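Spelled out from the first residue to the last, the chains are:
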Amino acid sequence: MLFTDKQQIRAVWRVGGLYILSALFALLIAFIAENFLHMVPCELCLWERGPWRVLIGIGVLVLVFSPRYARWLACIGLVCLLVSVGLGILHVGVEHGLWPSPAAECQVTPVEAYDFKDWMAHLPAHPTKPCDQPDYPLGLPVSLTSLAALYAFGVFVLALWETWRLFRFVRQQVDA
């Protein structure tokens, strides 16, 4: 739909742009940590990237639709952000030993090998990192997982505010 009203463009851009830019930033940080800082992601780290990928698609759809329909897509984006916050809390809990990891890849099974050949046969295809070992970037006393969970929560709060503003904008357009 072509927008002719600048207020419509601003109302939709605030939510859609927030979703796209915040998701791209989160995935860029994960890319930099993995490829330039040589941090090996665990399975839960890989799980946490999923909602951000979905959020990019939702953000594009929010930008395409009119505010009347985009507000409901923005609500789906809020659910996606809640999933990201939940995965972050789950991962932080695993790092601090509050509960075991639900990811099978994070569980190390003891191998009773009698020789080197048996031991090598039981190794995973790619190196994995246990989910309960936190990474501390740049010497900060806060793990990267904790920072990611805080970032997801901050984006959720901001998106909640902007979605509320979008609903208010549509209600004002209907009343006018």
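Look a little higher up for the structure.
Quantities reported herein were computed from a predicted structural model and do not represent experimental measurements.

## Some thoughts on the overall build of the protein chain
Along its length, the protein chain carries five helices and zero strands. Listing every helix and strand of the protein chain by position from the N terminus yields α-α-α-α-α. By residue count, 38% of the 176 residues in the protein chain fall in the buried class. A fraction of 80% describes how many contacts in the protein chain between residues 6 or more apart in sequence connect residues 24 or more apart. Element-wise, carbon and sulfur atoms account for 68% of the exposed surface of the protein chain, whose accessible area totals about 11100 Å².

## Observations regarding the pattern of salt bridges
With the rule as written, the count across this model stands at two salt bridges. Note that Arg49 and Glu34 form a salt bridge whose closest N and O atoms lie 3.0 Å from each other. On the criterion of sequence distance, the pair formed by Arg49 in helix H2 (residues 43–64) and Glu34 in helix H1 (residues 6–35) is long-range, its members being 15 residues apart. For Arg49, a relative accessible area of 14% corresponds to the buried category. Accessibility expressed as a relative area gives 30% for Glu34, which makes it partly exposed. Close ionic contact of Glu162 with Arg165 constitutes a salt bridge, the shortest N to O distance being 3.5 Å. Residue Glu162 and its partner Arg165 are both found in helix H5 (residues 144–175); the two are separated by three residues, about one turn of the helix.

## Some remarks on the packing of aromatic side chains
According to the stated counting rule, one finds five aromatic pairs in the structure shown. Summarising the aromatic geometry, the rings of Phe31 and Phe36 are spaced 6.1 Å apart at their centres and angled 80° between planes, so their arrangement reads as edge-to-face. Since its relative accessible area comes to 57%, Phe36 is described here as exposed. Ring geometry for Trp161 and Trp164: centres 5.2 Å apart, planes at 35°, overall tilted. Of this pair, Trp161 and Trp164 both sit in helix H5, three residues apart, roughly one helical turn.

## A word on the nonpolar core
Among the nonpolar cores identified, the biggest contains 25 residues, and Tyr19, Trp52, Leu55, Val62 and Leu81 are the most heavily contacted of them. Elements represented by at least two residues in this core include exactly H1, H2, helix H3 (67–95) and H5. In this structure Val62 touches Val12, Val15, Gly16, Ala70, Leu73 and Ala74, once residues within four positions along its chain are discounted. Grouped together as the second largest cluster of nonpolar side chains are six residues, Leu44, Cys45, Val94 and Ala103 included.

## A few points about the side chain of Glu162
Judged by its relative accessible area of 11%, Glu162 falls in the buried class. Sequence-distant contacts of Glu162, that is, excluding residues within four places in its chain, are made with Arg14 and Val15.

## Remarks on the state of the cysteines
Note on terminology: a disulfide is the covalent bond linking the sulfur atoms of two cysteines. Tallied over the full model, the rule gives zero disulfides. Free of any disulfide, Cys42 has its nearest cysteine sulfur in Cys45, 3.4 Å distant. Judged by relative accessible area, Cys42 falls into the buried class, the value being 1%.

## Some remarks on unusual backbone geometry
Positive phi, close to 60°, is recorded for His38, a residue that is not glycine. You can see His38 is positioned in the loop between H1 and H2. Classification of His38 as exposed rests on a relative accessible area of 63%.

Basis of the calculations
Residues numbered from 1 in each chain as written. Predicted model: local features only at pLDDT ≥ 70, side-chain atom pairs only at ≥ 80, totals over all residues. Heavy atoms only, no water. Helix = DSSP H or I, 4+ residues; strand = E, 2+ residues; numbered from the N terminus. Buried < 20%, exposed > 50% of the residue type's maximum accessible area, 1.4 Å probe, protein only. Contact = heavy atoms within 4.5 Å. Areas by Shrake-Rupley, 256 points an atom, 1.4 Å probe, with all protein chains shown as cover. Salt bridge = Lys/Arg side-chain N within 4 Å of Asp/Glu carboxyl O. Phe/Tyr/Trp six-rings, centres within 6.5 Å; stacked < 30°, edge-to-face > 60°. Core = buried A, V, L, I, M, F, W, Y, C linked by side-chain atoms within 4.5 Å. Disulfide = S-S within 2.5 Å.

In short, shape yes, function no, at least from these values alone.
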